[in-house]
Amino acid sequence: MKKVMVGMSGGVDSSVAAKLLCDEGYEVTGVTLKLFDKEALCGGIAGKCSSLTDIDDAKSVADKLGFEHLIFNFEDDFREKVMNKFTETYLEGETPNPCIECNKHIKFEKMLEKAEELGYDYIATGHYAVREFDEKTGKFILKRPADRSKDQTYVLYGLTQYQLSKTLFPLGSYEKSQIRKIAEKAELINSDKPDSQDICFVPDGDYAAFIEKKTGVKSVSGDFIDLSGKILGKHRGVIHYTIGQRKGLGISLGAPAYVTNKDSKTNTVTLGSEENLYKTEIRVSNINLISYDRIDDGMKVTVKTRYSQNEQEANLYNDGEELIVRFISPQRAPAPGQAAVFYDGDIVIGGGTIRQA
């Protein structure tokens, strides 16, 4: 009997993932990762942070289904690899994606290391994705799931061949509505638990306040400028703004204004019209290719530059260690620091970090 360690967040998806693997005959152990002091982030108010009960929910499901539940403390690794990177990226004027860093360094690196150390054959998560083995190429491939509205391949583009060989995604062929019904039928405590929306370590969504609290440094005011460099007014600090933002700028120019660029070195935030947000080309670095050996110049792909975006047609070109992405149609507000993920139909080619847009 194959042994699998299932990452259990306390939510319905990972709980049903564990149940499906039990039903398939795997020897299952559930693990919940302790990544940060949730109670401290929530000010010690239980009702303010639903994740305070996540460990209890995961353990309840494990007890219900009859398998062992463990807790691993990865707080130091999470602080170094995810929270610090999040803060540093924002301070550099870019827009980070901590879920990608967490998957790369914690779930599919540290958890996998722990699983192998303890003699498990696989790890598994409740991500909506499909992992298959291609007999022709002898490689594992990552594909989009049946439920396109829950597709999480965007945050999984950093997976390696070895990690895929050791990972199971039980939910890939299911719709979310089916997962809820399976949980309800099995009488799991979290069958109707809402999906989490915010970044887990910023429960109120106030990224600037989190960064100021973590660094102990108050954000410094600077200049709003237009595309020609003309000063338009004062901003509250670069970390308070995101590319494409219109609301909450605190400035009136007589016409709609959008954040088109942030420069931490000059402490300026550039404002322009909506048409200034559209880009036909971006540069991408830190490339990871999953099942492709190389990118041929002019390769036709579809690309996502945000998690919730539909894929857009583009061509890829090599430029040293970077890729140039040229879109068929201009794309709105691609943000440096975010990921660009490339697809060939349903197959994830790979992706990287947007460095210039």
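As a reminder, the structure under discussion sits directly above these lines.
Definitions and cut-offs
- Residues numbered from 1 in each chain as written.
- Predicted model: local features only at pLDDT ≥ 70, side-chain atom pairs only at ≥ 80, totals over all residues.
- Heavy atoms only, no water.
- Pairing = 2+ DSSP bridges.
- Helix = DSSP H or I, 4+ residues; strand = E, 2+ residues; numbered from the N terminus.
- Contact = heavy atoms within 4.5 Å.
- Axes fitted to C-alpha atoms, helices over the stretch in contact; angles between N-to-C directions.
- Salt bridge = Lys/Arg side-chain N within 4 Å of Asp/Glu carboxyl O.
- Buried < 20%, exposed > 50% of the residue type's maximum accessible area, 1.4 Å probe, protein only.

Peer 1: Can you break down the sheet that holds strand S4 (residues 122-124) residue by residue, with the values?
Peer 2: As summarised here, the arrangement of the five strands in space is S3-S2-S1-S4-S7, forming an open sheet in which the pairing is parallel. The outermost strands of the open sheet, each flanked by one partner alone, are strand S3 (68-73) and strand S7 (167-168). Strand direction decides the pairing type here: strand S2 (residues 27-34) and S3, joined by six bridges, are parallel. Within S3, the residue paired with Thr-32 across the bridge is Ile-71. Sitting on the sheet, helix H1 (residues 12-23) touches strand S1 (3-7), S2, S4 and S7, and the angle it makes with S1 is about 165°. Sheet strands in contact with helix H5 (residues 98-117) are S1, S2, S3, S4 and S7, and its direction is about 140° off that of S4.

Peer 1: Just give me the short version of the pattern of salt bridges, but keep the residues and values in it.
Peer 2: Applying the stated criterion across every chain, the model contains 27 salt bridges. Among the salt bridges present, the one from Lys-176 reaches Asp-195, with a minimum N-O distance of 2.8 Å. Of the two residues, Lys-176 sits in helix H7 (residues 176-185) while Asp-195 sits in the loop between H7 and helix H8 (207-215), which places them 19 residues apart along the sequence. The buried category is assigned to Lys-176, whose relative accessible area is 10%. The partly exposed category is assigned to Asp-195, whose relative accessible area is 28%. Where Lys-218 meets Glu-212, a salt bridge forms, and the shortest distance between an N and an O atom there is 3.6 Å. Assessed through its relative accessible area of 15%, Glu-212 is described here as buried. A cluster of three or more residues bridged by salt bridges with shared partners is formed by Asp-13, Lys-150, Lys-176, Arg-180 and Asp-195.

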